[in-house]
Amino acid sequence: MDEKIAENQARINMYSFLSRLFVEEVDEELLNKIKNTPELLELFPNTKDWELFNTKPLKQLIDEELNVDYTTIFILNVYPYESVFMNDEGHINPTPTNPTLQFYLENGYEVDLNKTRVLSPDHLAIELEFMITLIKEQLTAYSINNQEEERKYLDLQKRFMENHILQWMPIYLLAARDMAETPFYYDLCQTALEFIMTDYEYILSQLEEFENVS
């Protein structure tokens, strides 16, 4: 496989994986996949050594430990919405005035909140899904050798990172990580934080390559 395609497919896979884990509680099938896939388990270094993770039946672990922690962090205490962190009022903003929603609409992305439990389009998981859309468009342009379009979608990724994700998500993830009572959600927040920062550097490096060629 072409190296650039492989790199960007890996980015899509990671964004998708993280989005799924933040949008709702983990289920038994996914937790089992993490437990038995070395590449995924490496993303959860503390969970690997967690005694309950290695001894408790997965359904019981989910019901008694993980679901409780998910609810405490993401539903009751540290709301995963950009508007909560960026507005002085600290309220979720699901209205058309939401800047994140405006960014989506300007770039042809529509969010159907009826398909999810989220209350607003600036939920962490939805913002990660939007990055997937931009990467897919970038790859489509690359596949037909349309460098202008490819650069356009890389630049959109950079702008969305700088104007939205990086404005609030690192702070949010640190707060959520420090509230986690289970190694699993501690690891998830830490992994997401590291990936976001690394991916931003990757975007910058790809744009720099365009600068060097032109």
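Scroll up a little and you will see the structure.
Right, let's walk through the structure included here. (Residues numbered from 1 in each chain as written. Predicted model: local features only at pLDDT ≥ 70, side-chain atom pairs only at ≥ 80, totals over all residues. Heavy atoms only, no water.)

### Topic: unusual backbone geometry
Located in the positive-phi region is Asn145, a residue other than glycine, with phi close to 60°. Locating Asn145 in the fold gives a position in the loop between α9 (124–143) and α10 (147–179). When its relative accessible area of 60% is taken as the criterion, Asn145 is described as exposed. (Helix = DSSP H or I, 4+ residues; strand = E, 2+ residues; numbered from the N terminus. Buried < 20%, exposed > 50% of the residue type's maximum accessible area, 1.4 Å probe, protein only.)

### Considerations on helix α8 (residues 99–106)
Every buried residue belonging to α8 is among Thr100, Leu101, Phe103 and Tyr104, and all of these are buried. Down the axis of α8, the smallest arc covering the buried residues is 155°, so these residues share one side. Facing away from the buried surface of α8 by more than 90 degrees, the exposed residues are Leu105 and Glu106. Those residues of α8 that are buried lie in contact with α7 (82–86), α9 and α10. Put simply, Asn98 is the residue that caps the front of α8, since its side-chain oxygen is 2.8 Å from the backbone nitrogen of Thr100. (Arc of directions from axis to C-beta. Contact = heavy atoms within 4.5 Å. Polar contact = N/O pair within 3.5 Å; in protein donor to acceptor, adjacent residues only side chain to side chain.)

### Focus: the nonpolar core
Judged by nonpolar contacts, the single largest core of 66 residues is most densely connected at Phe22, Leu173, Phe184 and Tyr185. Listing elements by their share of this core, those giving two or more residues are α1 (3–23), α2 (28–36), α3 (38–41), α6 (58–77), α8, α9, α10 and α11 (183–213). With twelve residues, the single largest contributor to this core is α11. (Core = buried A, V, L, I, M, F, W, Y, C linked by side-chain atoms within 4.5 Å.)

### Structural notes on the environment of Thr71
By the element assignment, Thr71 lies in helix α6. For Thr71, a relative accessible area of 28% puts it in the partly exposed group. Expressed as a C-alpha distance, the spacing of Thr71 and Glu24, which sit 47 residues apart in the sequence, is 9.4 Å. Sequence-distant contacts of Thr71, defined by excluding residues within four places in its chain, comprise Glu25 and Leu76.

In short, geometric facts, not functional conclusions.
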